[in-house]
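Fold and contact review
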Amino acid sequence: MRTAHHVETVRAAEAALMTRLPEGALMQRAAAGLAAACCSLLGKGRVYGSRVVLLVGSGDNGGDALYAGARLARRGAGVTAVLLGARAHGAGLAALRAAGGRVTEDPYEALAAADLVLDGITGIGGVGGLRPEAVPVARAARGSDAVVVAVDLPSGVDADSGEVTGEALRADATVTFGTYKPGLLVDPAREYAGALRLVDIGLAATLPSVPDVEALQHQDVARTLPAPAAESDKYRRGVLGVVAGSERYPGAAVLAVAGALRGGAGAVRYVGHAREAVIAAHPETLVHAGPPGKAGRVQAWVVGPGLGEGPGARVAVAEVLASDVPVLVDADGLRALDPDAVRERAAPTLLTPHAGEAAALLGTDRAAVEAGRLAAVRALAARYSATVLLKGSTTLVCGPGGSGPVRVNPTGTPWLATAGSGDVLSGLAGSLLAAGLGAVDAASCAAYLHGLAARRAAAGTGPITATEVADALRGAWQDVREP
């Protein structure tokens, strides 16, 4: 599992570690890892004679860049530093010069010839984007043919929130130290980070055991997903109820049921106006005219996809929320929510909005949600006392109350931005709830599988449909079970 910690936590851990180390040892560890990563990015045998430009700010990131530059210079690289801060790290600058590196007053000439650029302009404490005087240099670096490597974090992005409120320098790769920073895992900042590489500098013993953000990997999902035992039957595996679809949107019901059937539940009970379409597509489904309370016993409910906005939707959502089993609310169901009814539930509730729906629930606008995704998902989880899966370019999952680690989904593809894919996700997550997973695990494992399925369906080459995503879920399960 990838784990990320806030800036304040990282600084406290570094301070505790530095009391046990010789002066400067921690920076030397970071610089050694950074230089090794640069050698790898330049390619075997290409360090000698390569041209490296260091963009150096006033902080410790500038010192990391200078020390790493000195190491590269000793291996035969031509290293040039561009000093962009009011001051530079004195010992680092001396080390660079002693190794044969130089400082230039003309950054543009150096950048035009560079093979690799190290971005050490601002560090994890930077806020509000690049300073005006650094902007033209950053633009020249990005416009060059060089590989741009960010030192710990791309300059101009917010380490804690993932927000980008001004101009930032987009990296091809980011070499981060000790632990990931939340902004490296969450859009919009994640898009500036490029490929990530974590350098171990010995912080593990001084960091808290509970991170601020975490991202599941194959082995985490494999350990969490339910698997039938020899004595399992369809009822022990979990029965999911799905209240979805309408005369106008029958496809939403079909897709939600498809996700549910491929999610591992033993049986799916469908309630709604799309019974004929559901049975035609999935004859194994148990259908009922409704209301939900008359459909039979279930271990969890999914309500909302394609319900429409009529009074029937509000009645269905209210009845499902009154049950004593976990409930997932999506799409049109979110518009019919009674916040008090959600907060008063004893059983888990999982809300799965996209940015526009989240904005409506929070009383803000979509742009604000997309710019501050971590803050938005925590605010929703706190306001509704529910687990929230916030869909989008980075899908986030936060437990009730907004405390604890936020889970970031690392899978997926932009091709998932297609009608109906969210309905498939709802059915999938609901089936995991019915199988007995907690809401956070069900949501994060479903998002992971959903993203893997989309990658399989797209094969990296082109458009996909929600039906193709559902069909690819079997392969996604196999990817996780047998990586």
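Cut-offs applied
- Residues numbered from 1 in each chain as written.
- Predicted model: local features only at pLDDT ≥ 70, side-chain atom pairs only at ≥ 80, totals over all residues.
- Heavy atoms only, no water.
- UniProt positions renumbered as here; feature names shortened; annotations may be inferred.
- Helix = DSSP H or I, 4+ residues; strand = E, 2+ residues; numbered from the N terminus.
- Buried < 20%, exposed > 50% of the residue type's maximum accessible area, 1.4 Å probe, protein only.
- Polar contact = N/O pair within 3.5 Å; in protein donor to acceptor, adjacent residues only side chain to side chain.
- Salt bridge = Lys/Arg side-chain N within 4 Å of Asp/Glu carboxyl O.
- Axes fitted to C-alpha atoms, helices over the stretch in contact; angles between N-to-C directions.
- Parallel < 35°, antiparallel > 145°, perpendicular 65-115°, else oblique.
- Left-handed = near helix turned anticlockwise from the far one by under 90°.
- Contact = heavy atoms within 4.5 Å.
- Nonpolar A, V, L, I, M, F, W, Y, C, P; charged D, E, K, R; others polar.
- Pairing = 2+ DSSP bridges.
- Phe/Tyr/Trp six-rings, centres within 6.5 Å; stacked < 30°, edge-to-face > 60°.
- Lys NZ or Arg CZ within 6 Å of the ring centre and 35° of its normal.
- Core = buried A, V, L, I, M, F, W, Y, C linked by side-chain atoms within 4.5 Å.

Under the annotation held in an unreviewed UniProt entry, the protein carries the name Bifunctional NAD(P)H-hydrate repair enzyme and is attributed to Streptomyces hydrogenans. Recorded in UniProt under Subunit (unreviewed entry), the annotation for the protein is "Homotetramer."

Some points on the environment of Arg345
Within the secondary structure, Arg345 sits in the loop between α14 (339–343) and β15 (349–351). Since its relative accessible area comes to 12%, Arg345 is described here as buried. C-alpha of Arg345 to C-alpha of Ala466: the two residues are 121 residues apart in sequence and 32 Å apart in space. In this structure the side chain of Arg345 is engaged in a polar contact, spanning 3.2 Å, whose partner is the backbone oxygen of Ala347.

Brief notes about the pattern of salt bridges
Per the counting criterion, the structure on display carries 18 salt bridges. In this structure, the salt-bridge partner of Asp115 is Arg51, at a minimum N-O distance of 3.6 Å. Residue Asp115 is located in the loop between α5 (107–112) and β5 (116–120), and its partner Arg51 is located in strand β2 (residues 51–56); the two are separated by 64 residues in the primary sequence. Since its relative accessible area comes to 45%, Arg51 is described here as partly exposed.

Considering the packing of helix α18 (residues 421–434) against helix α19 (residues 439–458)
Interhelical geometry of α18 versus α19 gives an angle of 135 degrees and a closest axis separation of 8 Å. What the angle tells us is that α18 and α19 run oblique. The interaxial crossing formed by α18 with α19 has right-handed handedness. Residues Ser421, Val424, Leu425, Leu428, Ala429, Leu432 and Leu433 of α18 form the contact with α19, whose participating residues are Ala439, Ala442, Cys445, Ala446, Ala447, Leu449 and His450. Tallied by class, residues from the contact of α18 with α19 come to 12 nonpolar, two polar and no charged.

Some details on the sheet that holds strand β6 (residues 147–151)
Taking strand neighbours across the sheet as the criterion, the seven strands line up as β4-β3-β2-β5-β6-β7-β8 in an open arrangement whose pairing is parallel. Unpaired on one side and paired on the other, β4 (102–103) and β8 (195–199) mark the two borders of the sheet.

Examining the packing of α19 against helix α21 (residues 473–481)
Where α19 contacts α21, the axes come no closer than 8 Å and their chain directions differ by 115 degrees. For the element pair α19 / α21, the angle class is roughly perpendicular. Note that α19 runs across α21; the crossing there is right-handed. Taken together, the residues of α21 that come into contact with α19 (itself represented by Tyr448, Leu449, His450, Leu452, Ala453 and Arg456) are Leu473, Gly475, Ala476, Trp477, Asp479 and Val480. The residue makeup of the contact of α19 with α21, split by class, is eight nonpolar, two polar and two charged.

Re the side chain of Arg407
Examined against the element boundaries, Arg407 turns out to sit in strand β18 (residues 406–408). Engagement of the side chain of Arg407 in a polar contact is seen with the side chain of Asp441, the distance being 2.7 Å. Those residues in contact with Arg407, other than ones at most four positions away along the chain, are Glu214, Leu216, Thr395, Leu396, Val397, Val440, Asp441 and Ser444.

Observations concerning the packing of aromatic side chains
Counted under the stated rule, the structure contains zero aromatic pairs. We note Arg170 situated over the ring of Tyr192; from NZ or CZ to the ring centre the distance is 4.2 Å.

Regarding the UniProt feature "binding site: AMP" (unreviewed entry) in the protein
Annotation from UniProt places "binding site: AMP" (unreviewed entry) at Lys391, Gly392, Ser393, Thr394, Thr395 and Gly422. Annotated residues spanning 32 residues; largest pairwise C-alpha distance 13.9 Å, indicating a single compact cluster. Looking at where Gly392 falls in the secondary structure, it is placed in the loop between β16 (387–390) and β17 (396–398). Residue Gly392 is classed as partly exposed on the basis of its relative accessible area, which comes to 43%. Structurally, Ser393 is set in the loop between β16 and β17.

A short note on unusual backbone geometry
Cis geometry is found at the peptide bond from Asp187 to Pro188, where omega equals 5 degrees. Locating Pro188 in the fold gives a position in the loop between α7 (182–185) and α8 (190–193). Note that the residue after Gly290, namely Pro291, is joined by a cis bond; omega there is 0 degrees. Tracing the backbone shows Pro291 in the loop between β12 (286–288) and β13 (300–303). Although it is not a glycine, Ala331 sits at a positive phi angle of roughly 50 degrees. Structurally, Ala331 can be placed in the loop between β14 (327–329) and α13 (332–335). The phi dihedral of Ser385 falls on the positive side, at around 50 degrees, and the residue is not glycine. Following the sequence through the fold, Ser385 ends up in the loop between α17 (373–384) and β16.

Regarding the sheet that holds β18
With mixed pairing, 11 strands are arranged side by side in an open sheet as β1-β9-β18-β17-β16-β15-β14-β13-β10-β11-β12. Single-partner strands in this sheet number two, and they are β1 (2–4) and β12. For this sheet the average axis-to-axis angle between neighbouring strands, irrespective of direction, equals 20 degrees. Note that β1 and strand β9 (residues 213–215) share three bridges and pair antiparallel. Residue pairing in the sheet places Arg2 in a bridge with Ala215 of β9. Here helix α12 (residues 311–321) sits on the sheet and contacts β10 (239–243), β13, β14 and β15; the angle it forms with β13, its principal contact strand, is near 160 degrees.

Concerning the nonpolar core
Among the nonpolar cores identified, the biggest contains 54 residues, and Leu225, Leu240, Val242, Leu432 and Leu449 are the most heavily contacted of them. Residue assignment for this core shows that the elements contributing at least two residues are β10, α10 (250–261), β11 (267–271), β13, α18, α19, α20 (466–471) and α21. Here this core takes 12 residues from α19, the largest share from any one element. Excluding residues that lie within four positions of it along the chain, Leu432 makes contacts with Leu225, Pro226, Gly263, Leu437, Ala442, Cys445, Ala446 and Trp477.

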